[in-house]
Structures are given as C-alpha cells and as structure tokens.
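Chain by chain, the residues run as shown.
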Amino acid sequence: MTHLTTPLLVCIIVAVGYRTLAVAAYGQNPPKRPHIVLITADDMGWNDVGFHGSNQIATPHIDALAYDGVILNRHYSAPMCTPSRAALMTGRHPINVGMQHYVIDSDEPWGLGLDQRIMPQYFRAAGYRTHMIGKWHLGFFTEHYIPTNRGFDTHIGYLGPYVDYWSYVSKMNSGTFEGYDMRQNQFVNYAANGTYATDYFTSAARDIIAQHGKSGQPMLLVMNHLAPHAGNDDDPLQAPQETIDRFAYIGNKDRRTYAAMMSKLDDSVGAVYESLRANGMLDNSIIVFLSDNGGVTRGMHSNTGSNYPFRGQKHSPWEGAVRTAALIWSPLLKDTQRVSNQWFHISDWLPTLASAAGIALGNSSFSDIDGIDQWEALAYGTGNPRQRLMNNLDEIFGYTSYMENGFKYINGTTLNGVNDAWYGETDPLDQLPDDEQYLSSVMATRIARAGRLDEKLISYLRRHATVNCGNSIATKPCNPLVKPCLFDIINDPCEMHDISDEYPKRLRGIRNRLELYRLRAAKPRNRPHDPEADPSKFGGVWNWWRTDPTKAASLQDEGDDSALPPPTHSLAKDTQLFDQEARFRHYAQRDTDGRVQPGW
C-alpha cells in the first residue's frame, strides 16, 4: 500500500500549503471563488447551433448564452474525442502526453497517464467540490483510472466512448463485446436504465447545483454530454418521438432525429442556467459550452452533424474536424455580447478557468501546462495571446495539422482522404423557419430577457459569427496526399486555395518547427484490444479488468513494441518533408516522457 498512500500524503500537504498561502495573501477573507460549469457536446457540428447562422436546428438557450457572453469563433480542438478530452483535462497537448493517436475503445488497456495532474485535482486542492457528469473516455482498464480516482469527488456517467441513449449498453465496433456502462462513482448505476441520457444527466446536474446552493462551497461541474454522438451502430440516432416531430420540416429522417438530439441538449443547457439562477449561484458562475471536435456527416458513427461550410469532418486534419463551436458566459466577464476572433485551443481552458478562480497552476517558471491563460483577453477583450496552434501530429496515421499567425499547414491526412471533402449543406428543399421565427425563439428564453438582448443586437452578432466562404469553387485545390498544403485561414477559412507555392519560405519555417514538435513528442500510449475485458466476465457490465496500473501503461514495461505500428506518412516518399528512416530510429529510441516546449 505504500506506493498508493505516499502520493495521497503529498497531495494533502500540497493542499494544506496552498490554503495557507492563500490566507496569507488575502487575509482571513479570501475572495469568493466562482462556480464553474463546463458543458461539452460530443461530435457536434459547427453548423448545428443557431448562432453560426443556420435556421435548421433551434438551439435558443445555447444561442442566448452565446449572444449574452462571448462567442469564440476561432476555438480549436484535436480532431477526435480522446485526444480532445485529454487536452481539456490536462492543459497539455495530446502529443505531449501520448494521447494523439485515435481513441480508447472500452476493451483496450490504456488511458491518460496517472502521472498527469488534471483539472479537478487543481480545483479540489483550492477548496472546490469537483463533479463529473456523463462521458469519461480517458481509460478505465484498472480502477486507478476512473474519474473518482483522478480528482473528481463524484461521477455520474459512463466510462467508455458512447452508450445507447436509453439502455446505456455499449457495443464495441472492434469486436463482439457489449455491456452496460453507467456509473454512480465507482458503482454500477442501474437506476438510469430507461431514462433518456440527456434528461438523466440534466437531472443529476440540477441535484448537484442545488446541493451547492445550500452549502455555498465553490463548484466545478464538468458536464460531458453523450449528445449528439451516435449510439451503437444498430440504432445510432435516438430522441423522444415528440421532440423528433417538432422537426418535421427536415426531409432527411436521420437529420431530423439529430435535430431532436440537439434540441434536448439545448433544453439541458437552459435547465442548468435556470438551476444556477434558482439556487442563487448565477451571479458568481462561469458557464462554458463547447464541442469536443467536429460533427460526423458520413462514415463510421455518422450522426449527420454539419460542419458547413468548413472542409472535412471529425477524424481529419481540416477545419471541419478541429474548429469547434464554443462560447463562454459569466457576469464576471467585463466585455460581453461580442464575437471573439482570438485563437483559442481546448488546452487553454484549464489555465484560463484556473486564472478566473485565482488558482495557481505552478510555482515556478517551468510548468507542465501547454495551454495559455486567456482569462484577461476573454474578460476584457484585450489582445490575442495565442499565435500558434497545433491541431494534431499523428505519426501512425501520418498527418499534421498546424496553424501559425493565420497560416494553416496540412501534411498528409487520415483514411486515405475519404473525409477530406465539404459536407453538410442544408437540403434546399427543406422549408426552414425564417429569421423572424429564429429571433423569436431566442428572445423567448429567460437568458435573453435577463441579458436584455434585442433583435438588432442578436442579428448583428449572428452575422459576425457566421462564416461565409464566398466563391464555393476551390480555385487552387490541394490534396495533402500528394503535397503539403498551406492556407490563409483568415481569408480562406474553407481551405479552398492552396498557397504553398507562393510562400516557400514560410512553408520551410513551419516545416522546421514541426520537426521539433515531432522529435520531442511522447510515444502514443495506445494498446491493442484485450479479450479479458469482455463484459460477460463481469455480469454483462463494462468494468476494470486489471489490477496493476503500470503493467499496460508503457510499451517498454511489457517489452512489446509490436503493439503499435511504426510511424508512417500519408505522402508519397518523394514528397515527404522529413527523413523517414532517421525519424523512425529516433521514434524507437526516444523516452516516452519526452515532451514539446517550443511555444506551440
């Protein structure tokens, strides 16, 4: 037990030390820390919220929060669930923590490294009660990896990538395994079975908020919705029929159901806002809403999500995968009701929210945090702290997606380019609600009334949050399987005009910086499927199936480098930018704790 109790003792000492320093700095009455609610949608498309200009799906509560807060029009993430959630929780880039390649299937023995300190641990040490609702997806092959052993005081939700919206059964595409996946802390929660997931998670959030309303203790609530991610392949899109019927004007049946899933998500956001208000917490709260990555218009786990007019979708290097809908709302923000075009990466949320709460993430000039504290820029509308942005660098799939000073570089792609087109345009035959109906739906919310929003302001903000790519024909198309692409993403957000031939010097500079990232990146932690994870061995429930958290966490520990394929590249050999053989030698030899610190 020594190896488990010693870190606990260290955490207690650190927490006590922090509180002592806080009292010394602020006297006996330290400032009241804000309640923080972080709501994450799963696989939601850019074009699936009304504030980006579409009238197809009504999201009045989300939109009202956006208009009364700050719309983050250049918010970026990794292109898939697990890498994005790792960045959100750690404040580090996935390539620095070995989480850059693909996602964790429930029968795979790996997860976010236990050496990584994550968001709830920082907040709990500062006196917060920390709660997670919904999706985890950062590993559970041993009990050490589950949320309540990673800093969350409570967890109501599922551990894997997705579940059925009503039964909470999860079926893995990788094999024949299926099992029930719903937890209340470490225990199986059968009470949820039969209740629509979005409603169940909303009810859980109301209960938690009500408890904090009585106690007055600061709250960190991370609410990771299932919606609008597809469920199991045999019944992927699910919503109550009465909600689906409200979208009869959408001709495509699947898209109609997706709209209902989004509507239920919007209802949930409105209910969380109302619960904060009813419990006297709203005036000292910060609400963040974002999607973990782009929607999935086609292919595996398709939910018909629309990233229009952007190129690509989830699991690709394009804007449709990594440029995600996001907003922040709070009475603590001094400059609101605006559209922000500052560059923001999902890893920035940990240092930004910690700053808003007065929490120091490090006590020296060296910190493990890659994200940038953007609280001042958000609160006061001052400047743009970030100029470089790494979407992902995956040597196994063989692609890079990176931005610097408004130029976006793409080298290689995923799945041989099957997700590299433009998807999700609204069917012109659908008779959508008009702008007047849209404005009325937003104005009818309590959020809009409290923020004194008017139709003129909403229309102005909406117009500036809508991306218009002008000419819909790519004049200089680029196939990253043939040659690297470079785009002026500010003036060409839909990635239609490759300018790599016009800026060879800039291309070389980006290429040289990327080699530093590549050489210092941590080895991916992915592990192959394990038959011992079969839920039938645990009464039909997805459960942790190993006891030693170190056994499968490192490839070197098991002496099995064959578990992962070697680094590859999507480009033909004569157009590759780096010495592949030298890179492979370095990749095979480098320390798994290697990390990137070139100001990415």
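This is a predicted model, so every value here is computed, not measured.

## Focus on a negative patch on the surface
Turning to step 1, where the next piece is worked out: Where like charges cluster on the molecular surface, the negative patch consists of Asp434, Glu436, Asp454 and Glu455.
Turning to step 2, where the next piece is worked out: Mapped onto the secondary structure, Glu436 falls in helix 11 (residues 435-443).

## Some words on unusual backbone geometry
Turning to step 1, where the next piece is worked out: Each neighbour pair has its own omega, and for Ala227 with Pro228 the value is -5°, a cis peptide bond.
Turning to step 2, where the next piece is worked out: Topologically, Pro228 is positioned in the loop between strand 10 (219-224) and helix 6 (241-244).
Turning to step 3, where the next piece is worked out: With an omega of 10°, the peptide bond between Tyr308 and Pro309 qualifies as cis.
Turning to step 4, where the next piece is worked out: Summarising the element assignment, Pro309 is placed in the loop between strand 11 (285-291) and helix 8 (319-322).
Turning to step 5, where the next piece is worked out: The phi dihedral of Tyr168 falls on the positive side, at around 65°, and the residue is not glycine.
Turning to step 6, where the next piece is worked out: Checked against the element boundaries, Tyr168 lands in the loop between strand 5 (154-157) and strand 6 (169-171).
Turning to step 7, where the next piece is worked out: The phi torsion at Gln337 lies on the positive side, around 55°, for a residue other than glycine.
Turning to step 8, where the next piece is worked out: Tracing the chain through its elements places Gln337 in the loop between strand 12 (326-329) and strand 13 (338-340).

## A look at the state of the cysteines
Turning to step 1, where the next piece is worked out: Under the counting rule described, the total for this entry stands at two disulfides.
Turning to step 2, where the next piece is worked out: Between Cys469 and Cys494 runs a disulfide, and the two sulfur atoms are separated by 1.7 Å. Taking the torsion about the S-S bond as the criterion, the Cys469 to Cys494 disulfide, at about 60°, is right-handed. With Cys469 in the loop between helix 13 (455-465) and strand 18 (485-488) and Cys494 in the loop between strand 18 and helix 14 (504-520), this pair connects stretches of sequence that are 25 residues apart.
Turning to step 3, where the next piece is worked out: When its relative accessible area of 1% is taken as the criterion, Cys494 is described as buried.
Turning to step 4, where the next piece is worked out: In this model Cys478 forms its disulfide with Cys485; the gap between the sulfur atoms is 2.0 Å. The sign of the -85° torsion about the S-S bond sets the Cys478-Cys485 disulfide as left-handed. The burial state of Cys478 is the same as that of Cys485; both residues are buried.

Each value, and the rule that gives it
Residues numbered from 1 in each chain as written. Predicted model: local features only at pLDDT ≥ 70, side-chain atom pairs only at ≥ 80, totals over all residues. Heavy atoms only, no water. Patch = residues over 30% accessible without salt bridge, like charges linked within 9 Å, V, L, I, M, F, W, Y side chains within 5 Å. Areas by Shrake-Rupley, 256 points an atom, 1.4 Å probe, with all protein chains shown as cover. Salt bridge = Lys/Arg side-chain N within 4 Å of Asp/Glu carboxyl O. Lys, Arg positive; Asp, Glu negative; His and termini not counted. Charge placed at Lys NZ, Arg CZ, Asp CG, Glu CD. Helix = DSSP H or I, 4+ residues; strand = E, 2+ residues; numbered from the N terminus. Disulfide = S-S within 2.5 Å. Buried < 20%, exposed > 50% of the residue type's maximum accessible area, 1.4 Å probe, protein only.

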